[in-house]
Amino acid sequence: MPTLPGLLTFAALSLVALVAGVSLTRLLPPLAGQHPGLIALALLLLFWAIRERWARRRLQTRLIAEIDGLTDELMLMRGEIPPPALAMPSAAANEPMREPRLVPRDAPEPVDDGSLLEAVRDALNNNRVELHIQPIVSLPQRRIRFFELLARPRGSEGQTYQAAECLDALDAAGLRAEFDALMLLRSVQLVRKLEQRAKDAGFFLNLSPAMLAKIETFNPLYDFLQREREHAANIVLEFGHAGIARLDRAGMYRLSRLAALGFALSVDGIDRFDVDFALLARSGVRFVKFDAAVFSDAAAIAKSPIDLADLPEICKRHNLVPVLGKVESEQELLKLADLDFPLGQGMLFGVPKLAKAA
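Report follows, based on the coordinates. (Residues numbered from 1 in each chain as written. Predicted model: local features only at pLDDT ≥ 70, side-chain atom pairs only at ≥ 80, totals over all residues. Heavy atoms only, no water.)

1. Topic: the overall build of the protein
Phase 1 of the analysis: Along the protein, the regular secondary structure elements total 14 helices and nine strands.
Phase 2 of the analysis: Looking at the protein as a whole, 42% of its 358 residues qualify as buried.
Phase 3 of the analysis: Counting only contacts in the protein whose residues sit at least 6 apart along the sequence, the fraction spanning at least 24 positions is 69%. (Helix = DSSP H or I, 4+ residues; strand = E, 2+ residues; numbered from the N terminus. Buried < 20%, exposed > 50% of the residue type's maximum accessible area, 1.4 Å probe, protein only. Contact = heavy atoms within 4.5 Å.)

2. Here we look at the packing of aromatic side chains
When we look at a pair of aromatic rings, we describe it by the centre distance and by the angle of the planes.
Phase 1 of the analysis: Scanning all chains against the criterion turns up eleven aromatic pairs.
Phase 2 of the analysis: Aromatic pair phenylalanine 146 and phenylalanine 287: ring centres 5.6 Å apart, planes at 80 degrees, arrangement edge-to-face. With phenylalanine 146 in strand E2 (residues 144-153) and phenylalanine 287 in strand E6 (residues 285-291), the pair connects residues that are 141 residues apart, well separated along the chain.
Phase 3 of the analysis: The exposure class of phenylalanine 146 is buried, given its relative accessible area of 13%.
Phase 4 of the analysis: Among the residues examined, phenylalanine 287 registers a relative accessible area of 7% and is labelled buried.
Phase 5 of the analysis: Ring geometry for phenylalanine 295 versus phenylalanine 341: centroids 5.8 Å apart, planes at 85 degrees, classification edge-to-face. (Phe/Tyr/Trp six-rings, centres within 6.5 Å; stacked < 30°, edge-to-face > 60°.)

3. Notes on unusual backbone geometry
Phase 1 of the analysis: With omega at 5 degrees, the peptide bond leading from leucine 139 into proline 140 counts as cis.
Phase 2 of the analysis: Relative to the assigned elements, proline 140 resides in the loop between strand E1 (129-138) and E2.
Phase 3 of the analysis: Not every positive phi belongs to a glycine, and lysine 326 is a case in point at roughly 55 degrees.
Phase 4 of the analysis: Owing to a relative accessible area of 54%, lysine 326 belongs among the exposed residues under this scheme.
Phase 5 of the analysis: Its identity as a non-glycine residue notwithstanding, aspartate 340 has a phi of 55 degrees, on the positive side.
Phase 6 of the analysis: Note on placement: aspartate 340 falls in the loop between helix H14 (330-335) and strand E8 (343-344).

4. Some remarks on the environment of valine 236
Phase 1 of the analysis: Structurally, the position occupied by valine 236 is in strand E4 (residues 235-240).
Phase 2 of the analysis: As a C-alpha pair, valine 236 and valine 285 span 49 residues in sequence and 9.9 Å in three-dimensional space.
Phase 3 of the analysis: With near-sequence residues (within four places) excluded, valine 236 lies in contact with Phe203, Phe204, Leu205, Ala264, Leu265, Ser266 and Phe287.

5. Quick notes on the nonpolar core
Phase 1 of the analysis: Ranked by size, the top nonpolar core spans 73 residues in total, and within it Leu225, Leu237, Phe239, Ile244, Leu258, Phe290 and Phe295 carry the most contacts.
Phase 2 of the analysis: Considering each element in turn, this core owes the most residues, seven residues, to helix H6 (residues 176-194).
Phase 3 of the analysis: With sequence-adjacent residues up to four places away left out, leucine 237 is seen in contact with Leu205, Leu207, Leu225, Leu258, Phe263, Ala264, Leu265 and Ser266.
Phase 4 of the analysis: If you look at the next biggest cluster of nonpolar residues, it comprises eight residues, including Phe146, Phe204, Val323 and Leu343. (Core = buried A, V, L, I, M, F, W, Y, C linked by side-chain atoms within 4.5 Å.)

Dropping the structure here:
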């Protein structure tokens, strides 16, 4: 339903367009034979298109600012005191904000002796998990369409661990479900805050396919999402392709149950082309993310049962939206321009940034 400010804006633009249309028919001889109403209508459409583009840019800027300013409020909503790892020291309060690095220079090299596992467990126990956001943009315009939420545990000395290493450690420790539950809680809190001001904001949220494998891990996830289904339009649940490919029929059925709640589903990390697109579509998957590197992988191309040029048509046939992920450079994007990916994600379009609303 149109809002009062929107109606007033439309009325003002209509009046300006009408006055301009009448003036043009009188001042410009070539337009003297044209009906002023037609010229006014054309001007109104032009004015409205300019206004909509300006409004979208303002919304994107404000959305990022909103995400960057919600930490304390969200922590209060949970009845918690902001942890020291997220609090800005008073001595640095007046210093300009610096773009965070995913792995600081002083971060320790990952090892497999259990130290990373212990560090991640300690971060969870002491609420030292930060939420980062990375944009997903439309192509070729590169306008922000979605944000992906990425969790980053921090060590006791402030170092940030990379996502892949953390998830492996969490899976090994049996803590992935707890980690995903924390992500769900924080993401829904973000959506609750932002949806009144930006109803079309969408957030991709990574979850472990292992939560679909067993009924005892699936039921708590389903119950939570069922209670929060009013926010489904703003949340895309994302699962790794490697884990989805290992699910049995019962697991794929549980995946479709999440889609039935109204949540859009995404499968990411696709690094091969022998994908059962029909099965994904039947299970309610909407987005399929292909790693950009797979298109230059000779082995993957040799095993492909499809012609890569047919990929856009195959996705369209199954009502799937292909996303080009992990794009690192302009050259990489240019090589794949013929595939007409509607969405892209990667360092080329924006690095993950700390969301202070974590």
